[in-house]
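# Structural description and commentary
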Amino acid sequence: MKKSAVVIFPGRGTYGKDELGYLNRYHSDKSAFIAGVDQWRRDAGRTPISELDNAKSYAASKHASSVNASALIYTCALADFASIDRDEFDITAVCGNSLGWYLTLAAANALPPANAIRLVDTMGALMEKEGVGGQLIYPFVDEQWKPSKANEKAIGEALHAGRTEGHAYLSIRLGGMAVLAGDEAGMSAMEKALPQAEGRYPFRLARHAAFHTPLLDHVSKAAFSHLGKDLFHAPDIPMIDGRGKIWSNGGSDIDALYQYTLGDQIVETYDFSKSIEVAIKEFAPDCLILAGPGSTLGAPIAQELISHRWKGLTSKSDFSALQKESPYLLAMGREDQRGLTTA
């Protein structure tokens, strides 16, 4: 009997030096798909994805730039999605974080392949050229991934400080993490206001603009001028967006989908936490599958499961024990879990 699964797609920052050669390692059988992406990139005057993936060394200035990272992650993630063993898994819904919303649209066929790479690459180029501000990350939770009232209070105070000095927003609710964004004055004020946590936080996310905030309203307007509603179709698989809204297969309002994707999704908080909550509570899957590249979304997903005591989880230790005994979250970017998802 097949296991039901919700597939989750990653956002920016998930293709790092350890992912170099990802397409070669796992997807030599998908040459036609990769060639199609490469051709789009060549026609647009951009570096082909296969050339970036086959580079001898990783260069953040090249691989992590918006115009390249978005398309790289799209290609790896959609190739992973195609590799999931459909005899073993029944995919009941798809969702993602930030850039992962575009990948969700592609996986559900709300954007056919040619339209999907056009959206991803166009948005990557717009962000590279027009992106402003930045993002930083700070935990809502303690070291055992339990909610921390002290951290939540600190985040609230930091946002107030950022708004006093400049512009500051909650960009993404990322499981047990808050992704905060703003202009330079707002970012500096938030950094000063936040106490050091676990020796790492707060830290800025390199090469990230103020995604999912009103500071990118001009990018939203530019996206509407570059991309038409005719790119979109009704999805084949239910999709969960960055508000927790379910877009049902066959019955979704295409105009609303277009307006959300290029409008609200760009300028309002992306609630990845809510999308995971809806995924587990509305679809009650036997497992969650996290597409690669990378597996950095694993911790935020686990933190969200813990916050709802899903499967009795109350801490990081509980989650680790569950994963050793009977993995519920399968990350395709991890060598020890990838084989559990593919034929």
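These notes cover the structure that comes with them. What you see is a predicted model, and the numbers here were worked out from it, not measured in a lab.

### Here we look at the layout of surface pockets
A volume near 980 Å³ is recorded for the largest pocket. If you go around the largest pocket, you meet 40 residues; those closest to its centre are Arg 12, Gly 13, Phe 203, Leu 205 and Thr 296. Listed by contribution, the elements that provide at least two residues to the lining of the largest pocket are helix 5 (66-83), strand 3 (134-139), strand 4 (168-174), strand 5 (177-182) and helix 13 (298-307). By residue number, the principal contributor to the lining of the largest pocket is helix 13, which donates three residues. Here the second largest pocket defines a volume of roughly 300 Å³. For the second largest pocket, the lining is made up of 15 residues, of which Phe 319, Gln 323, Leu 329, Arg 334 and Gln 337 are closest to its centre. Taken together, the elements giving at least two residues each to the lining of the second largest pocket come down to helix 13, helix 14 (316-325), strand 11 (329-331) and helix 15 (335-338). Ranked by residue count, the leading element in the lining of the second largest pocket is helix 14, at four residues. Residues belonging to the lining of the second largest pocket are distributed by class as follows: seven nonpolar, five polar and three charged.

### Observations concerning the nonpolar core
In terms of nonpolar packing, the biggest core is built from 112 residues, with Val 94, Leu 105, Met 123 and Ile 301 touching the most fellow members. Looking at this core element by element, the count peaks at eight residues for helix 5. If we skip the residues at most four places from it in the chain, Met 123 touches Tyr 102, Val 219, Ala 223, Leu 227, Leu 262 and Ile 266.

### Re the pairing of strand 1 (residues 3-9)
The buried fraction of strand 1 is high, at six of seven residues. Two elements, strand 1 and strand 2 (residues 89-96), share seven bridges in a ladder whose sense is parallel. Among the inter-strand pairings, Ser 4 is bridged to a residue of strand 2, identified as Asp 90. Relative to strand 10 (residues 287-290), strand 1 runs parallel, the two being bridged by four bridges. Bridged to Ile 8 within strand 10 is Leu 290.

### Notes on empty space enclosed by the protein
What the rule picks out here adds up to two cavities of 30 Å³ or more. Quantified by volume, the largest cavity comes out at close to 160 Å³. Ser 98, Leu 99, Tyr 102, Met 127 and Phe 211 are, among the 14 residues lining the largest cavity, the residues nearest its centre. Within the residue set of the lining of the largest cavity, elements represented by two or more residues are helix 5, helix 6 (99-107), helix 7 (113-130) and helix 11 (254-267). Top element by residues in the lining of the largest cavity is helix 7. It accounts for four residues. Partitioned by chemical class, the residues of the lining of the largest cavity number seven nonpolar, six polar and one charged. Approximately 40 Å³ is the volume found for the second largest cavity.

### A closer look at the sheet that holds strand 7 (residues 239-240)
The six strands lie next to each other as 8-7-2-1-10-11, forming an open sheet whose pairing is mixed. Here the strands that pair on one side only, and so sit at the sheet edges, are strand 8 (246-247) and strand 11. In this fold helix 13 packs onto strand 1, strand 10 and strand 11, with an angle of close to 155 degrees to the strand it touches most, strand 10.

### A word on the state of the cysteines
This model, assessed by the stated rule, comprises zero disulfides. Between Cys 95, a cysteine without a disulfide, and Cys 287, which holds the nearest cysteine sulfur, the sulfur-to-sulfur distance is 13 Å.

### Observations concerning unusual backbone geometry
Here the bond from Tyr 201 into Pro 202 is cis, since omega is 0 degrees, no more than 30 degrees from zero. Positive phi, close to 60 degrees, is recorded for His 212, a residue that is not glycine. Positionally, His 212 belongs in the loop between strand 6 (203-204) and helix 10 (217-226). For Ala 284, which is not glycine, the phi dihedral falls at a positive 40 degrees. Considering the arrangement of structural elements, one finds Ala 284 in the loop between helix 12 (272-283) and strand 10. With relative accessibility at 46%, the residue Ala 284 sits in the partly exposed group.

About the criteria used
- Residues numbered from 1 in each chain as written.
- Predicted model: local features only at pLDDT ≥ 70, side-chain atom pairs only at ≥ 80, totals over all residues.
- Heavy atoms only, no water.
- 1 Å grid on protein atoms, 1.4 Å probe; cavity = no way out; pocket = protein on both sides within 12 Å on 5 of 7 lines; lining within 4 Å.
- Points joined across faces, edges and corners; volume = space filled by probe spheres on them.
- Helix = DSSP H or I, 4+ residues; strand = E, 2+ residues; numbered from the N terminus.
- Nonpolar A, V, L, I, M, F, W, Y, C, P; charged D, E, K, R; others polar.
- Core = buried A, V, L, I, M, F, W, Y, C linked by side-chain atoms within 4.5 Å.
- Buried < 20%, exposed > 50% of the residue type's maximum accessible area, 1.4 Å probe, protein only.
- Contact = heavy atoms within 4.5 Å.
- Pairing = 2+ DSSP bridges.
- Axes fitted to C-alpha atoms, helices over the stretch in contact; angles between N-to-C directions.
- Disulfide = S-S within 2.5 Å.

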